[in-house]
Amino acid sequence: MSKYGDGNFAEKQGGGEALDVAYSHNQGQVMDGTISLDANHQLQRGLKSRHIQFLALGGAIGTGLFVGSGGILATVGPAPLWLAYLSMMLLVWIVMNCIGEMCTYLPLRGITLPYFTERFVDASLGFAAGWNYWYAYAILVAAEASAGAILLNYWETPVPTWAWITIILVVNLVLNIIAVEVFGEAEFWFASIKFITIMGLIIVGLVIMLGGGPNHNRLGFHYWNDPGAFKEYLAPGATGRFAAYWTAFIRAGFSFITSPELIGLAAGETVAPRRNIPKAARRFLGRLAVFYGISSLIVGCIVPSDNKNLLSGTSDASASPWVIGIQLAGIGGLNHVINAAILTSAWSAGNAFLYSGSRILYSLAQNGQAPAIFTRTTKRGVPYTAVLMTWAFSLLAYLNVSNNGAQVFTWFSNLSTISGYIGWIVLLITYLRFRQALKVQGLLATLPFKTPGQPYAAWFALVMISILTLTNGFQVFVKWNYKDFLAAYITLPAFLVLYFGHKIWHRMPFHKPAGEIDVLTGKKEMDDMCANDVEPVPRNWLEKIWFWIA
């Protein structure tokens, strides 16, 4: 008997019948000693389809696209920038599909992704993954606040940096502490501003490329020829061009880190999860293709890679390549509008990451892997102690006060990227064990949401992300720099210490047979809840359009 239930129920009772038999005794029970299946003891389901779709995309469209892409462009040129985003989008789509399958199967309230790792793989791996995610999200809140301070410095206001950081962090805290509906609605409108901004930027970028700007210079792909499509990196010739692409591929991860997980983290607070989670997952790649695929191509066409104002150790006031491109085209005034819109994107991403980090900490506490104080919630279902703890960690953003803003942003982006890669590796391992357990126990056909290419796509992504993780700081081995080495690799030994420390302390086995993995506990409750869902029928063409969008 596993601690969640008997993992062999499916084999004993036979396929689908197991789903009814296995749970006749589980109604109202507490899972794992801490997590209740009783609806009166769970987080509030206040997030709608549009909320979770915009939550995931809002987390993905942040300073990585608006600011960080400029740093990649300056380092390796426009072609590696574009190719890197296309490559990373494929991996993110696979990760999103894996998360979508698991969370649609068991959209349990109060449960986050590390819980699935503990349940389907190993308690020690779940423990390490949970703390790794919490750390990554907390660092990302600080990174977004740092980026916000950089963007605000564009106007050279008399307001000190610490004051701007305080305003950004306090607003994020207020939006997260009130109620999940308030958070979801705020994130929806924040993300809406991002989408309008990026679509407007794509149109403006195309106009500039075609010579429609005030200076009437028809750029086309001029900057791909001069100063060039590739900036050879670390070595001459083909080796240098491949190193440039691989560097861009690694750095592109920052733009996407933890964004697919946002849908999984919100699954327990989502209305009609088996309808809305697949809907959000299916649309994720298409929208990313527009926002990242097209925009990363345009950025490399409107800004030369040798422009001195692109993000670097000495430049952070005009770091957004979009603002630089608009200035070069001679369009007056629009640069201020765009910079303000990009500022809201940093605010939005920080808002989403604070939400996610607090839910991870709440889940760890529910699972007995963090102090019980973090299970406390308000009357409206907000885990306020977890929110406050995650927010407190983000006060690291005040490092901007005594350091160059671009340097601090780079530190935070490096630390969070490697944590995100580790999180994806764990998620893919979790999914593969989950799928193997369903197969062995004869329950694979009961998956309510299936994605293409599995499990081969998951294996491909696992191998690629593992290589990216191990080569994350390959530059330091060519030109040694201990600060860059620590930023690239310090998270790996920290994760391993958490994993092996937990395993040794609790004397956990290293392997759990697929037949013993519990894929049933909570399934019947979720089936019963989702059986009552009635999909809304549009009454007119306007509602048809709205339902397609949201």
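What you see is a predicted model, and the numbers here were worked out from it, not measured in a lab. (Residues numbered from 1 in each chain as written. Predicted model: local features only at pLDDT ≥ 70, side-chain atom pairs only at ≥ 80, totals over all residues. Heavy atoms only, no water.)

The next subject is the overall build of the chain. Scanning the chain from N- to C-terminus turns up 22 helices and two strands. A burial count over the chain gives 61% of its 550 residues as buried. By sequence separation, contacts in the chain at least 24 residues apart represent 82% of the contacts at least 6 residues apart. Of the roughly 21,000 Å² that the chain leaves accessible, carbon and sulfur atoms contribute 65%. (Helix = DSSP H or I, 4+ residues; strand = E, 2+ residues; numbered from the N terminus. Buried < 20%, exposed > 50% of the residue type's maximum accessible area, 1.4 Å probe, protein only. Contact = heavy atoms within 4.5 Å. Areas by Shrake-Rupley, 256 points an atom, 1.4 Å probe, with all protein chains shown as cover.)

Okay, the environment of Phe127 next. Among the secondary structure elements, Phe127 is positioned in helix H7 (residues 123-152). Here Phe127 falls in the buried class, since its relative accessible area comes to 16%. The spacing of Phe127 and Asn367 is 240 residues in sequence and 9.3 Å in space, taken between C-alpha atoms. Those residues in contact with Phe127 that sit more than four places away from it in its chain are Leu364, Gln369, Leu498 and His502.

So, on to the packing of helix H5 (residues 78-105) against helix H6 (residues 113-120). Here H5 crosses H6 at 80 degrees, and the two axes come no closer than 11 Å. The angle between H5 and H6 places the two elements in the roughly perpendicular class. Contacts between H5 and H6 involve Ile99, Met102 and Cys103 from the former and Leu113, Phe116 and Phe120 from the latter. Here the residues of the contact of H5 with H6 are counted per class, giving six nonpolar, no polar and no charged. (Axes fitted to C-alpha atoms, helices over the stretch in contact; angles between N-to-C directions. Parallel < 35°, antiparallel > 145°, perpendicular 65-115°, else oblique. Nonpolar A, V, L, I, M, F, W, Y, C, P; charged D, E, K, R; others polar.)

Mapped onto the elements, Asp122 comes out in the loop between H6 and H7. On the accessibility criterion, Asp122 (7% relative accessible area) is buried. Apart from the residues lying within four places of it in its own chain, the contact partners of Asp122 are Thr117, Tyr499, Lys503 and Pro509.

Our next topic: H5. Over its 28 residues, H5 runs 41 Å from end to end, which matches the ideal 40 Å to within 8%, given 1.5 Å per residue. H5 sits mainly inside the fold: 23 of its 28 residues count as buried. (Expected span 1.5 Å × (residues − 1).)

The relative placement of two aromatic rings is captured by the distance of their centres and the angle of their planes. Here the structure, examined in full by the defined rule, presents 24 aromatic pairs. Here Phe242 and Trp246 contribute two aromatic rings whose centre-to-centre distance is 5.9 Å and whose plane-to-plane angle is 20 degrees, an arrangement assigned as stacked. One end of the pair, Phe242, and the other, Trp246, are both in helix H11 (residues 237-256), four residues apart, so they sit about a helical turn from each other. What makes Trp246 buried here is its relative accessible area of 12%. With a centroid separation of 6.2 Å and an interplanar angle of 85 degrees, the aromatic rings of Phe477 and Phe485 are classed as edge-to-face. Exposure remark for Phe477: the relative accessible area of 55% places this residue in the exposed category. On the accessibility criterion, Phe485 (27% relative accessible area) is partly exposed. Taken together, the aromatic side chains of Tyr105, Tyr115, Phe116, Phe120, Tyr431 and Phe434 make up a single cluster linked through ring pairs. The positively charged end of Lys503 is found above the aromatic ring belonging to Phe510, 4.8 Å away from the centroid. (Phe/Tyr/Trp six-rings, centres within 6.5 Å; stacked < 30°, edge-to-face > 60°. Lys NZ or Arg CZ within 6 Å of the ring centre and 35° of its normal.)

The next subject is unusual backbone geometry. With an omega dihedral of 20 degrees, the bond running from Asp226 to Pro227 counts as a cis peptide bond. Looking at where Pro227 falls in the secondary structure, it is placed in helix H10 (residues 222-228). A cis amide bond, omega 5 degrees, links Gln454 with the succeeding residue Pro455. Phi is positive for Leu234, close to 70 degrees, though the residue is something other than glycine. Here Leu234 lies in the loop between H10 and H11.

Moving on: the confidence of the model for the chain. With 79% of its residues at a pLDDT of at least 70, the chain reaches an overall mean of 78. When pLDDT is averaged over each element of the chain, helix H18 (residues 456-470) comes out on top at 96 and helix H2 (residues 17-21) at the bottom at 37. Note on residues 39-46: pLDDT is under 50 here. Beyond four places in sequence and across chains, it has 32 contacts. (pLDDT = per-residue confidence, 0-100.)

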